Amino acid sequence: MAVKLSSFTLSKHISGWVRLNARIFSISCANHIENVETDPNPPIMNEFDPKIVFGKSKIHPGNLVRVVGSANDLNLAIKIFNWASAQKWFRQNADTYCRIILKLGLVGKVEIMEVFCNQMVKEKCPHAEEALVALIDPLVRHHRLNEALMVLSAINLGKFKPSMDMFNILLGALLEDKRDFKDFLFVYKEMVKAGIVPSTDTLNYLLEALFETFAVDTALYQYRRMNKKGCSPNSKTFEMVISNLIKKDRVDESIVVLEEMFEQKCELNFSFYTSIIPLFCEANKPKEAIHLFKMMRGSNIVPNSLIYGVLIQSFCEDNRLDEAVNLIEEMTENGLTPLTGMFVDIINGFCKLEEFEKATQFLEIKCAFEIDPHNSLLQGYCNCDNFTAAKTLFDKMTERQVTNRDSYNILISWLCENVKIKRTFELLARMIVSLFDPDSSTFSALIIGLCKLRKYEDSMKLFNQVRAKAWVLDCASYGELVECLCREKKITDAIQVFCYMCKNKCRLKTSSFAVLIKGICRIGKVDEAIRLRLLANYAGISSSDSTFNTIMLALATLNKENDILVLLSQMLVEGISVNAETYSVLVQSMYSKGRIKDMALFFNLMVREDLIPDSGLLTNILSFLANNSQLTLILPAIDKLFSNYDCISLEIYNILIHGLLKEGYRREAGKILDLMLEKGWVPDASTHQVLTGSVVKEGTGKEIMASGNCAMDDKVSNILSEGLGNS
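Residues numbered from 1 in each chain as written. Predicted model: local features only at pLDDT ≥ 70, side-chain atom pairs only at ≥ 80, totals over all residues. Heavy atoms only, no water.

### Details of the overall build of the protein
- Looking only at helices and strands, the protein features 39 helices and two strands.
- Each of the 727 residues in the protein was classed as buried or not, and the buried ones make up 48%.
- Here the contacts in the protein between residues at least 6 apart in sequence split such that 67% fall between residues at least 24 apart.
- For the protein, the exposed surface amounts to about 36,400 Å²; the carbon and sulfur share of it is 50%. (Helix = DSSP H or I, 4+ residues; strand = E, 2+ residues; numbered from the N terminus. Buried < 20%, exposed > 50% of the residue type's maximum accessible area, 1.4 Å probe, protein only. Contact = heavy atoms within 4.5 Å. Areas by Shrake-Rupley, 256 points an atom, 1.4 Å probe, with all protein chains shown as cover.)

### Observations regarding the pattern of salt bridges
- For the coordinates displayed, the defined rule picks out 24 salt bridges.
- The shortest N-O distance in the salt bridge between Asp183 and Lys182 comes to 3.5 Å.
- Residue classification places Asp183 among the buried positions, given a relative accessible area of 10%.
- The exposure class of Lys182 is exposed, given its relative accessible area of 55%.
- For Asp395, the salt bridge identified is with Lys391, shortest N-O distance 3.1 Å. Linking Asp395 with Lys391, this pair stays in helix α21 (residues 387-400), spanning four residues, or about one helical turn. (Salt bridge = Lys/Arg side-chain N within 4 Å of Asp/Glu carboxyl O.)

### Things to note about the packing of aromatic side chains
- One pass over the structure, following the stated rule, counts 15 aromatic pairs.
- When the centroid spacing of 6.1 Å and the interplanar angle of 10° are considered together, the rings of Phe181 and Phe184 count as stacked. Of this pair, Phe181 and Phe184 both sit in helix α9 (residues 181-193), separated by three residues, roughly a single helical turn. An identical accessibility class is assigned to Phe181 and Phe184; each is buried.
- Summarising the aromatic geometry, the rings of Phe443 and Trp471 are spaced 5.6 Å apart at their centres and angled 65° between planes, so their arrangement reads as edge-to-face. Taken together, the residues span a long stretch of sequence, with Phe443 in helix α24 (residues 440-452) and Trp471 in the loop between α25 (456-468) and α26 (475-487) at a distance of 28 residues.
- For Phe443, a relative accessible area of 9% translates into the label buried.
- Here Trp471 falls in the partly exposed class, since its relative accessible area comes to 23%.
- Of the aromatic side chains, those joined through ring pairs into one cluster are Phe394, Tyr408 and Phe436.
- Sitting above the plane of the Phe369 ring, Arg400 keeps its charged end 5.9 Å from the centroid.
- The ring of Trp681 has Lys679 sitting right over it, with the charged end atom 5.6 Å from the ring centre. (Phe/Tyr/Trp six-rings, centres within 6.5 Å; stacked < 30°, edge-to-face > 60°. Lys NZ or Arg CZ within 6 Å of the ring centre and 35° of its normal.)

### As for helix α37 (residues 666-678)
- The terminal C-alpha atoms of α37, which comprises 13 residues, lie 18 Å apart, in line with the 18 Å expected from a rise of 1.5 Å per residue.
- Residues of α37 that are buried include every one of Ala669, Gly670, Ile672, Leu673, Met676 and Leu677, and no others. Seen from one end, α37 has its buried residues packed into an arc of 165°, which puts them on one side. Across from the buried face of α37, at angles greater than 90 degrees, the exposed residues are Arg667 and Glu678.
- Two residues or fewer past α37, Gly680 is found with a positive phi of approximately 85°. (Expected span 1.5 Å × (residues − 1). Arc of directions from axis to C-beta.)

### Some words on the nonpolar core
- Core analysis: the largest hydrophobic core is formed by 227 residues, its most contacted members being Ile277, Tyr478 and Phe498.
- Beyond its immediate chain neighbours, meaning those up to four positions away, Ile277 contacts Ala289, Leu292, Phe293, Met296, Ile307, Val310 and Leu311. (Core = buried A, V, L, I, M, F, W, Y, C linked by side-chain atoms within 4.5 Å.)

### Comments concerning helix α22 (residues 405-417)
- When the terminal C-alpha atoms of α22 are compared, their 18 Å separation across 13 residues agrees well with the 18 Å that a helix rising 1.5 Å per residue should span.
- Looking at α22, one finds that the buried residues are Ser407, Tyr408, Asn409, Ile410, Leu411, Ile412, Trp414, Leu415 and Cys416.
- Buried positions along α22 lie against α20 (371-383), α21, α23 (421-433) and α24.
- At the N-terminal end of α22, a side-chain oxygen is found 3.1 Å from the backbone nitrogen of Asp406, two or three residues along, and the residue is Asn404.
- Val419, located one to two residues past α22, shows a positive phi value of around 55°. (Polar contact = N/O pair within 3.5 Å; in protein donor to acceptor, adjacent residues only side chain to side chain.)

### Remarks on the environment of Leu377
- As for its position among the elements, Leu377 is in helix α20.
- Sequence spacing of Leu377 and Asn348 is 29 residues, and the spatial spacing of their C-alpha atoms is 7.0 Å.

### A few points about the packing of helix α30 (residues 545-557) against helix α31 (residues 561-573)
- Running from N to C, α30 and α31 cross one another at 170°; their axes reach a closest spacing of 9 Å. Judged by the angle between their axes, α30 and α31 are roughly antiparallel. Across from Asp545, Phe548, Ile551, Met552, Leu555 and Ala556 in α30, the residues of α31 making contact are Asp563, Ile564, Leu567, Leu568, Gln570 and Met571.
- Split into classes, the residues belonging to the contact of α30 with α31 amount to nine nonpolar, one polar and two charged. (Axes fitted to C-alpha atoms, helices over the stretch in contact; angles between N-to-C directions. Parallel < 35°, antiparallel > 145°, perpendicular 65-115°, else oblique. Nonpolar A, V, L, I, M, F, W, Y, C, P; charged D, E, K, R; others polar.)

### Thoughts on the side chain of Ser544
- The residue Ser544 is located in the loop between α29 (526-538) and α30 in this model.
- Excluding anything up to four places from it in sequence, Ser544 contacts Thr510, Ala514 and Ile576.

### Structural notes on the environment of Met599
- Here Met599 shows up in helix α33 (residues 596-608).
- Look at Met599 and you get buried, because its relative accessible area is 1%.
- Between the alpha carbons of Met599 and Ile634 there is a distance of 9.9 Å; along the sequence they are 35 residues apart.
- If near-sequence neighbours (up to four positions away) are discounted, Met599 is found in contact with Val587, Met590, Tyr591, Ile621, Phe624 and Leu625.

### Some thoughts on the confidence of the model for the protein
- On average, residues of the protein carry a pLDDT of 83, and 82% of them reach 70 or more.
- Counting interchain partners and residues more than four positions distant, the pLDDT-below-50 stretch residues 1-49 has 102 contacts.
- Every residue in residues 719-727 scores below 50 in pLDDT, and together they form eight contacts with partners more than four places removed in sequence or on other chains. (pLDDT = per-residue confidence, 0-100.)

### Comments concerning the packing of helix α5 (residues 110-122) against helix α7 (residues 145-157)
- Contact geometry for α5 and α7: axes closest at 10 Å, N-to-C directions at 20°. With respect to α7, the element α5 is oriented roughly parallel. Crossing hand, α5 versus α7: right-handed. Each of Val110, Met113, Glu114, Cys117, Asn118 and Val121 in α5 lies in contact with α7, whose residues at this interface are Glu147, Met150, Val151, Ala154 and Leu157. (Left-handed = near helix turned anticlockwise from the far one by under 90°.)

### A word on unusual backbone geometry
- A positive phi is found at Leu435, a non-glycine position, where the angle reads about 70°.
- By the secondary structure assignment, Leu435 is in the loop between α23 and α24.
- Judged by its relative accessible area of 73%, Leu435 is exposed.
- Located in the positive-phi region is Asn559, a residue other than glycine, with phi close to 60°.
- Residue Asn559 is classed as partly exposed on the basis of its relative accessible area of 45%.

### Quick look at the side chain of Thr547
- Within the element layout of this structure, Thr547 appears in helix α30.
- On the accessibility criterion, Thr547 (0% relative accessible area) is buried.
- Discounting chain neighbours no more than four positions away, the residues touching Thr547 are Phe513, Ala514 and Ile517.

### Some words on the environment of Tyr456
- The residue Tyr456 is located in helix α25 in this model.
- For Tyr456, a relative accessible area of 17% corresponds to the buried category.
- C-alpha separation for the pair Tyr456 and Leu485, spaced 29 residues apart in sequence, amounts to 6.4 Å.
- Among all residues touching Tyr456, those that are not within four sequence positions of it are Cys484, Leu485, Glu488 and Lys490.
- Within the structure, Tyr456 has its side chain in polar contact with the side chain of Lys490 (distance 3.4 Å).

Put into structure tokens, the structure is as follows:
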């Protein structure tokens, strides 16, 4: 897939980097570019009369340039040009070639352009280099980059050596136009072929292209080699390298580059500071951000509101509130007006530290008549459950007329959370009298209060009003309402709420979603649970292992083992870890259907991850495998069970010893017997018969003796004698 390059601002306007010899090459193609137009529906002209076209005067390059440039019909222009070329007494020059090539280039006729470019180079027209170089400027300005690249090929075909500026303009245009990386490399290779030594600007374009193609290591390698190429990194270089490293989560490496920049004492510009300081603040590197801020001030570069804003926010998050306040003072001294958000950050910082007295002082001095900072302090009081102070502040805000709907909602939310319903409705009435209509936040708070009172019918009435107004609930009330309805076994209503909110892509807490799925499965609507889980994915709601386990258990009761396996695959794709409960469901479902190999597979995986089923399920699994002579499928798991767990029951010991001997695994059976006897347990009668070599064959009354007195028999007898105290 072709890699696209991001926008790259050209460092300077395209200027007079081509200086032509005015005495010889007097007519610049670029000067006539605005006059070069083509008729989308040109008239069909099979012939033309050169006498009419050129009049009585003899054809000469100046006339040809004028005629070709003014021809509305491109085909006619080409015919005139070719007719002139066919005259023995006439010779095309760089100016005439420039005119026809430019005319073709502006309408995208690359192939015909190439013919004329190569022809001009082949004829070795005087000043061909200047003519071809002059074409780059208008083609780039009109975003005809394919055509400009073709002209570049012709320049190198003629073994011309244009200036570095021309290559930089092309590189910058390719980056700005988000062209394929291969186009960028083509220009760079042509520059190398022409023997042009790259400049710092050239290498900056190269670095930007590499970063945009995620070739970060290659970009860093090229950055390290800049000095070897005779170029010193400049402010733009460091801005590009440091910013891209931070954006790609390679912050430590960006700090290394920053230190290198300090060592080189590079002169930094305003763009560098406004780009890098916010990035270090976002990356939680306040030390580096503050250092750069001090450098910025030391360089007599006045910071803007953006710089102050991110630093104030960073100071507040780091509990350095005095420094944040000092920056507010500095902003004012520099003639900048602090933004409301800066005041809010500082008030929030004081509230987080519960320094409400300082918050109040700052509020009174700096923003006594701004609503948002007051609301922040109001929220701070509520977060600390100091409703008395919040109410006092609210009354003062009302006197100053600095309240809004949010002010009321903050208090209503606290009252509802604390089930103060009577006072809630008193404040709600006051809110309406003050001409502030309740909004979705108001309804969300009221729903929480009603849910806490278990008034699910009233909660649903409010929700229906929310839906009628095409509003959505906030996350807290959404989860509270769903859980409330599930507790009251109003599953249909809970599904209705969930579906409406999902369609609006509102996220439900994972724990609340698990409660909903459990409620749905409890009433036997497993298919509905599966459908809602898919809908949850659409809304960005994550499913927990509990959610998957609930659905799997429900499917197991319906004997839908294949559906369980499908759900398991979805679980793994979504990155959910398989826990003991999940494995138990899988093993139990395979056991109930007699799928021995699948059951053994999941059991082995379970034990390998240091998980173990409950005693009842473990006994059933081992007994089932022993009866079917399939213990060989779980030998590694058996060994790990006895190595890591001490909770193995006597019944399981007997099952395994009996089963392993029956399958011919005498050594393994002997090891388990040793462990059994160490616990002071003795085999049951059935196991004892197997150990001593006497087994009654099923279906007959005859006793079959094990052939020979093998070493195993001797060992068992000795162990039994010791264990039973027979000497």
